[in-house]
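So you can see what is in the structure, the chains are spelled out below.
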Amino acid sequence: MVKITTWNINSVRLRMPIVERYLKEHAPDVLCLQEIKCQEQQFPYKAFADLGYEHIAVHGQKGYHGVATVSRIPLKDYSRHDWQDNGEARHVGVELPTAGGMIVENVYVPAGGDEPDREKNPKFGQKLDFVERMTRWADTVDRPTLIVGDFNIAPLESDVWSHKQLLKVVSHTPVEVEALGRFMDAHGWSDIGREHVPAPHRYYSWWSYRSKDWKVNDRGRRLDHMWASPELAKQAIGHSLLEDARDWEKPSDHVPLMTEFDL
């Protein structure tokens with residue numbers, strides 16, 4: 001059994017206390033973090049090693065973005081793609097030799113700014129181009145692969161608190177949903193979350209800091225995903241997310257998702 005978690009932590013150094021709490025209470029074998037917001041030499045390696053997570057792959061940069069995968073089982077650095085095509089640290093891939101050679105790709109897709117218009121908002125165009133580069137890569141995948149992270153797209157109507165009100169809001173626009181659909185089709189990915197929490201059941205992973213009471217307003221979106229290669233998906237025996245983490249002290253605006261595999 002191998003348990004893998006993904007979590008946009010929104011600054012790993014600032015939120016190390018809740019990361020430690022999560023690891024002690026839920027004990028995933030592998031934790032994939034996005035938006036670590038630090039350079040590789042600033043990453044809290046010792047804090048993770050003291051918790052038993054001695055195997056670490058970090059792709060960081062100063063102050064922004066950044067991804068890291070920490071593990072208590074051996075891992076090998078596998079890939080670092082520049083799908084943003086500008087040098088930003090938004091991806092790290094690892095191989096898990098003792099878990100059937102599974103590849104775990106950890107990605108942080110750009111948010112895309114506020115205006116869903118490529119001409120008016122270059123950031124939105126960069127987001128679409130990022131997903132297109134991921135799609136071309138997915139067409140070449142030939143290993144059992146799990147891709148996880150903050151995709152910054154909520155594709156289904158039931159992935160957002162109001163489909164009607166968010167149709168023109170970046171993260172749920174038709175053009176983004178179509179782009180993500182092409183990415184899914186390029187490798188025949190299985191959306192593990194929705195395999196275990198089928199639509200139209202409510203399933204959110206992000207609530208804005210702007211909401212004074214996130215529980216009462218519950219204006220969530222499913223921006224975080226765990227997608228598996230077709231054969232690997234058949235070995236997924238459980239999936240969950242921890243909404244309570246949104247209520248922890250100094251929380252991230254995202255919550256962790258976990259999938260368990262019987263390999």
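Above this text sits the structure in question.
Residues numbered from 1 in each chain as written. Predicted model: local features only at pLDDT ≥ 70, side-chain atom pairs only at ≥ 80, totals over all residues. Heavy atoms only, no water.

Enquirer: How do you make sense of the overall build of the protein when you look at a structure like this?
Expert: Helix and strand counts for the protein stand at eight helices and 14 strands. Here the C-alpha radius of gyration of the protein, 17 Å, is about what a compact globule of 263 residues would show, namely 18 Å. Along the three orthogonal principal directions, the C-alpha set of the protein runs to about 45 × 45 × 35 Å. Residues counted as buried form 57% of the 263 residues belonging to the protein. (Helix = DSSP H or I, 4+ residues; strand = E, 2+ residues; numbered from the N terminus. Rg over C-alpha atoms; globule rule 2.2 N^0.38 Å. Buried < 20%, exposed > 50% of the residue type's maximum accessible area, 1.4 Å probe, protein only.)

Enquirer: Teacher, can you tell me more about the side chain of E105 here?
Expert: For E105, the position within the fold is in strand β7 (residues 102–108). The side chain of E105 is buried and forms no salt bridge, while R143, the nearest opposite charge, is found at 8.8 Å. In terms of polar contacts, E105 uses its side chain to reach the side chain of S79, at 3.2 Å. With sequence-adjacent residues up to four places away left out, E105 is seen in contact with Y78, S79, H91, V92, G93, W137, T145, L146, I147 and V148. (Lys, Arg positive; Asp, Glu negative; His and termini not counted. Salt bridge = Lys/Arg side-chain N within 4 Å of Asp/Glu carboxyl O. Polar contact = N/O pair within 3.5 Å; in protein donor to acceptor, adjacent residues only side chain to side chain. Contact = heavy atoms within 4.5 Å.)

Enquirer: I keep staring at the sheet that holds β7 and nothing clicks. Help me out?
Expert: Note on sheets: strands pair through backbone hydrogen bonds, and any given pair is parallel or antiparallel. Spatially, the six strands line up as an open sheet ordered β5-β6-β7-β8-β12-β9, and their pairing is mixed. Of all strands in the sheet, those with a lone pairing partner are β5 (76–79) and β9 (190–191), marking the two edges. The pairing of strand β6 (residues 91–96) with β7 spans six bridges and is classified as antiparallel. The residue bridging E95 from the neighbouring strand is I103, located in β7. Packed onto the sheet, helix α3 (residues 122–138) meets β7 and β8 (145–150) and runs at close to 170° relative to β7. (Pairing = 2+ DSSP bridges. Axes fitted to C-alpha atoms, helices over the stretch in contact; angles between N-to-C directions.)

Enquirer: Help me understand α3, please; the structure alone is not making it clear to me.
Expert: Side chains of residues three or four places apart in an α-helix project in the same direction, reflecting 3.6 residues per turn. The end-to-end C-alpha distance of α3 is 24 Å, a good match for the 24 Å that 17 residues give at a rise of 1.5 Å each. Taken together, the buried positions of α3 are F124, G125, K127, L128, F130, V131, M134, T135, W137 and A138. Taken together, the buried residues of α3 touch β7, β8 and α5 (174–187). (Expected span 1.5 Å × (residues − 1).)

Enquirer: Would you explain the layout of surface pockets in this entry?
Expert: One number sums up the size of the largest pocket: a volume of about 1,100 Å³. Forming the walls of the largest pocket are 39 residues, and the residues nearest its centre are A111, G113, D114, N152 and W206. Of all elements in the fold, only α3, β10 (206–207) and α7 (214–217) reach the threshold of two or more residues within the lining of the largest pocket. (1 Å grid on protein atoms, 1.4 Å probe; cavity = no way out; pocket = protein on both sides within 12 Å on 5 of 7 lines; lining within 4 Å. Points joined across faces, edges and corners; volume = space filled by probe spheres on them.)

Enquirer: Could you clarify how one ought to interpret the sheet that holds strand β3 (residues 55–59) in this entry?
Expert: The six strands lie next to each other as β3-β4-β2-β1-β14-β13, forming an open sheet whose pairing is mixed. The open sheet has two edge strands, β3 and β13 (236–241), and neither has a second partner. Recorded for the sheet is a direction-independent mean angle of 10° between the axes of neighbouring strands. The sheet contact formed by β3 and strand β4 (residues 67–71) spans five bridges and is antiparallel. Bridging across to β4, V58 finds its partner in A68. Strands in contact with helix α1 (residues 16–26) are β1 (2–8), β2 (30–34) and β14 (257–261); relative to β1, the strand with the most contacts, it is inclined by about 160°.

Enquirer: Is there a simple way to think about α5 in this case?
Expert: Across its 14 residues, α5 extends 21 Å between first and last C-alpha, which sits within 8% of the 20 Å expected from 1.5 Å per residue. Residues of α5 that are buried in the fold lie against α3, β8, β12 (224–228) and α8 (230–233). Phi for G188, located one or two positions after α5, is positive at around 65°.

Enquirer: How do you make sense of the packing of α3 against α5 when you look at a structure like this?
Expert: The geometry of a pair of packed helices is captured by two quantities: the angle between their axes and the separation between those axes. Following both chains from N to C, one finds α3 and α5 inclined at 15°, their axes separated by 8 Å at the closest point. Relative to α5, α3 is oriented roughly parallel. Both α3 and α5 take part in a crossing whose hand is left-handed. The residues of α5 that touch α3, namely those facing F124, K127, L128, V131, E132, M134, T135, W137 and A138, are V175, E176, A179, L180, R182, F183, A186 and H187. Considering only residue class, the contact of α3 with α5 consists of eleven nonpolar, two polar and four charged. (Parallel < 35°, antiparallel > 145°, perpendicular 65-115°, else oblique. Left-handed = near helix turned anticlockwise from the far one by under 90°. Nonpolar A, V, L, I, M, F, W, Y, C, P; charged D, E, K, R; others polar.)

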